[in-house]
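Geometric and topological summary
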Amino acid sequence: MTVSETTTAAVGAEALRPHAEDAFADELKALAAADDRPRPARWRLSPWAVATYLLGGALPDGTVISPKYVGPRRLVEVAVSTLATDRALLLLGVPGTAKTWVSEHLAAAVSGDSTLLVQGTAGTPEEAVRYGWNYAQLLAHGPSRDALVPSPLMRAMSEGMTARIEELTRMPADVQDSLITILSEKTLPLPELGQEVQAVRGFNVIATANDRDRGVNELSSALRRRFNTVVLPLPATPEAEVEIVSRRVEQVGRALDLPPAPDGLAEIRRVVTVFRELRDGVTTDGRTRIKSPSGTLSTAEAISVVTNGLALAAHFGDGVLRAGDVAAGLLGAVVRDPAADRVVWQEYLETVVRERDGWKDFYRACREASA
């Protein structure tokens, strides 16, 4: 191992959030060893093994593959099979439906590298999608391959890898449209050099997008046609959402060296119940209609609320996750508009939480946090 590789490994071991291919390297290695099915060109695993990596399962040698995504199996199979074709994949859904998480793990399983990433923002330039220039080289020697700075997509095309585009609809429309030639012709023209980069087998693109947040730029019909769209839904049942939150909180807690909280599942269930009821506008039993706040109240936000409560319990409490530990974070997640959302939250506390059996401590904690 070289000095550079040793340094990279050391940094990776201390990374606050390791890349998927590093965090789950043992599972990927075990899958590769057990995988005897056909693999598309330059894929590290077969489509079946990629789906198993995402959904979890047990291998013949007893290795347990942890689920990375809890949801309909068919959605994952469609996503994986899309990447095995010449169609790009668009993961669409409201905020917090694990689009980025699924995108990262798909790239890690297919290409062994999830870092070929373009982050979409209102200020993303066209160079981030196509290529840029090393201006010192450009001024000294003129346009040349040595002066060219490849984008993650250009690298993926050259190496037959999977590139990722996050928040595609946040990118300006003219930058979005620079993808059309790449996705349809599988080529990237270099007019300054009179050349082009042609994608080699194994290249594909995973993009994520939502149509709920502000600042969204609608995709043109021409660009939409270049993608196969898979819509990731919110968890279908409370049990599925509790499982997702519990699993992710445990993983985040380990990364932050937070001790596991005894009986934390009870508070997770309450947070998930609150989020689902406010999101749906009706109580779990279907008897009471309630107003919904302006925020999305996604599963990702529930994970954040519980993780913050876990840190409070560990550092300022007795290590047991209680209602008071999650109340403040819950208030911040629900009340985004200080005027309208606070009214919604107060009405929910008084008409639903206050009357619910076994929730008195939760009601008091939320009232104190709201005071």
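Residues numbered from 1 in each chain as written. Predicted model: local features only at pLDDT ≥ 70, side-chain atom pairs only at ≥ 80, totals over all residues. Heavy atoms only, no water.

**Describing the sheet that holds strand β11 (residues 227–231)**
Within a sheet, each strand pairs with its neighbour through backbone hydrogen bonds, oriented either parallel or antiparallel. The line we're drawing: Paired strands are those between which DSSP finds at least two bridges. Runs of E in the DSSP output that reach at least two residues are strands. Runs of H or I that reach at least four are helices, and both are numbered from the N terminus. Each axis is a line fitted through C-alpha atoms, taken for helices only over the stretch in contact, and angles between the N-to-C directions span 0 to 180 degrees. Contact criterion: two residues are considered in contact whenever any of their non-hydrogen atoms come within 4.5 Å of each other.
Taken in spatial order, the five strands line up as β4-β7-β10-β3-β11 in an open sheet, and their pairing is parallel. Pairing within the sheet leaves two strands with one partner each, and these edge strands are β4 (117–119) and β11. The average angle at which neighbouring strand axes cross in this sheet is 20 degrees, direction not considered. When strand β7 (residues 162–166) meets strand β10 (residues 204–209), the two strands line up parallel, connected through four bridges. Following the sheet pairing, R164 is matched in β10 by I206. Helix α5 (residues 73–83) rests against β3 (88–92), β10 and β11 of the sheet, and its axis sits at about 165 degrees to β11.

**A short note on the packing of aromatic side chains**
This is how it is decided: Side-chain rings of Phe, Tyr and Trp (the six-membered ring for Trp) are treated as a pair once their centres are within 6.5 Å; stacked means planes under 30 degrees apart, edge-to-face means over 60, and tilted covers the remaining angles. The buried label goes to any residue with under 20% of its type's maximum accessible area, the exposed label to any with over 50%, and the partly exposed label to all in between, with areas taken from a 1.4 Å probe on protein chains only. As a reminder, the over-ring test applies to NZ of lysine and CZ of arginine, requiring each to be within 6 Å of the ring centre and within 35 degrees of the ring normal.
For the structure shown, the criterion picks out four aromatic pairs. Both rings, one in F24 and one in Y53, keep their centres 6.4 Å apart while their planes meet at 80 degrees; by these two values the pair is edge-to-face. Of this pair, F24 sits in the loop between α2 (20–23) and α3 (25–34) while Y53 sits in helix α4 (residues 47–55), placing them 29 residues apart in sequence. Both rings, one in Y131 and one in W133, keep their centres 5.9 Å apart while their planes meet at 90 degrees; by these two values the pair is edge-to-face. Looking at Y131, the relative accessible area reads 4%, which means it is buried. The ring of Y53 has K68 sitting right over it, with the charged end atom 4.1 Å from the ring centre. Here R248 stacks its cationic end above the ring of W101, 4.2 Å away from the centre of that ring.

**Thoughts on the packing of helix α14 (residues 299–316) against helix α15 (residues 323–334)**
The test is simple: The sense of a crossing depends on the near helix, which, turned anticlockwise from the far helix by less than a right angle, makes the crossing left-handed and, turned clockwise, makes it right-handed. Each residue gets one of three labels, nonpolar for Ala, Val, Leu, Ile, Met, Phe, Trp, Tyr, Cys and Pro, charged for Asp, Glu, Lys and Arg, and polar for the others, Gly among them.
Across the interface, α14 lies against α15 with an axial gap of 8 Å and an inter-helix angle of 145 degrees. Read as a crossing pair, α14 and α15 show a hand that is right-handed. Listed contacts from α15 to V305, G309, L312 and A313 of α14 are D325, V326, G329, L330 and A333. A per-class count over the contact of α14 with α15 returns six nonpolar, two polar and one charged.

**Structural notes on unusual backbone geometry**
In this model, A98 sits at a positive phi of 70 degrees, which is unusual for a non-glycine residue. Turning to its location among the elements, A98 is positioned in the loop between β3 and α6 (99–111). Given a relative accessible area of 29%, A98 falls into the partly exposed group. The backbone of K186 shows a phi angle near 55 degrees, a positive value even though the residue is not glycine. By the element assignment, K186 lies in the loop between α10 (179–185) and β8 (187–190).

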